[in-house]
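Now for the letters of each chain:
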Amino acid sequence: RKGDLHGHTADDPFDVLPADPVETIERAAALGFDAIAITHHDSRFLPTPDVLEASERTGVLVLPGVERSLDGGCHVLVVGGGAEIDAVSTLDDLAAARRPEHLIVAPHPLYPGRQCLGEQRLLERLDLFDAIEWSHFWVDRWLEGPNRRAAEIARRAGKPLLGTGDIHFPEQMGWTYALVDAEREPASIVEAIRAGRVELATRPLPVLRAARIAVRLVRCGLEGRLRTRRSARFEPAVSASGCRPSG
């Protein structure tokens, strides 16, 4: 199964993004994906009727998930599960709340920034993670280092390496993803990844595309933070970057 288990849409409360969940599913179908996960920042994704209809119509399985900010802001990806994830605020909380249906992934762990775990914290908490992410955001011989170091940690620890697009924009989809030996249902996919029946599929981003994505990520993140400070009644109809505000 071709899958990407790290993605954000226009419904993400912390970024102003262009594609809604249905558009994201349709894009995934056009690229031959069998499964995606929608993992908004600190807001557990709950499929709506239009999402379920799009999933059925396209054949793309949609797994709910969330990218939680824990221990002061470092990101952790949780695919599957329910309300027990909503209350966690630390890695210890997550360890206590974890259930068999959860897939817990260390996303972009060694990239710079406070939202990344960092090597020391990743090594200290390896027992918490079912897989370590290989991020799509790399260019040949540039920005490959964080992924290579994460891959080496995964190899030494016997952890699966999970390729994802960390999708915020449609153009990010299809460059890095996972090939999972599983049936087309959530429990089978989670168990297959946890058991290591997953292969990394990745290719470097062209330099100009990577630069464009980086600029858009910064801009839409800033717009998202500004949006949270405004009253809903005063939200702008169109953002400066061309990203569509979501409700």
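Now for a look at the structure at hand. (Residues numbered from 1 in each chain as written. Predicted model: local features only at pLDDT ≥ 70, side-chain atom pairs only at ≥ 80, totals over all residues. Heavy atoms only, no water.)

Going through the model one piece at a time under the given rule, you end up with two aromatic pairs. Taken together, a centroid distance of 5.6 Å and an interplanar angle of 80° make the contact between F33 and Y177 edge-to-face. Of this pair, F33 sits in the loop between helix 1 (21-30) and strand 2 (35-38) while Y177 is found in strand 8 (residues 176-180), placing the two residues 144 residues apart along the sequence. Note on Y177: relative accessible area 17%, which makes it buried. Both rings, one in W134 and one in W138, keep their centres 5.8 Å apart while their planes meet at 90°; by these two values the pair is edge-to-face. Each member of the pair W134 and W138 is classed as buried. (Phe/Tyr/Trp six-rings, centres within 6.5 Å; stacked < 30°, edge-to-face > 60°. Helix = DSSP H or I, 4+ residues; strand = E, 2+ residues; numbered from the N terminus. Buried < 20%, exposed > 50% of the residue type's maximum accessible area, 1.4 Å probe, protein only.)

Now for the pairing of strand 4 (residues 74-79). Of all six residues making up strand 4, six are buried, and the element is well covered by its neighbours. Here strand 4 shows two buried faces, one formed by C74, V76 and V78 and the other by H75, L77 and V79. The pairing of strand 3 (residues 61-70) with strand 4 spans six bridges and is antiparallel. Bridge pairing in strand 4 links S69 to H75. What sits between strand 3 and strand 4 in their antiparallel hairpin is a turn of three residues, with D71 showing a positive phi close to 50°. (Pairing = 2+ DSSP bridges.)

Grouped burial of nonpolar side chains is what soluble globular proteins tend to show. Core analysis: the biggest nonpolar cluster contains 34 residues, and V76, L94, L117, L122, F129, I132 and L205 have the highest contact counts within it. Within the residue set of this core, elements represented by two or more residues are strand 3, strand 4, helix 3 (91-97), strand 5 (103-106), strand 6 (131-135), helix 5 (145-157) and helix 7 (207-229). Beyond its immediate chain neighbours, meaning those up to four positions away, V76 contacts V66, E67, R68, L70, L91, L94, I104, V105, P107 and F129. Counting 19 residues, the second-largest nonpolar core is a separate cluster that includes L103, V180, A192 and V198. (Core = buried A, V, L, I, M, F, W, Y, C linked by side-chain atoms within 4.5 Å. Contact = heavy atoms within 4.5 Å.)

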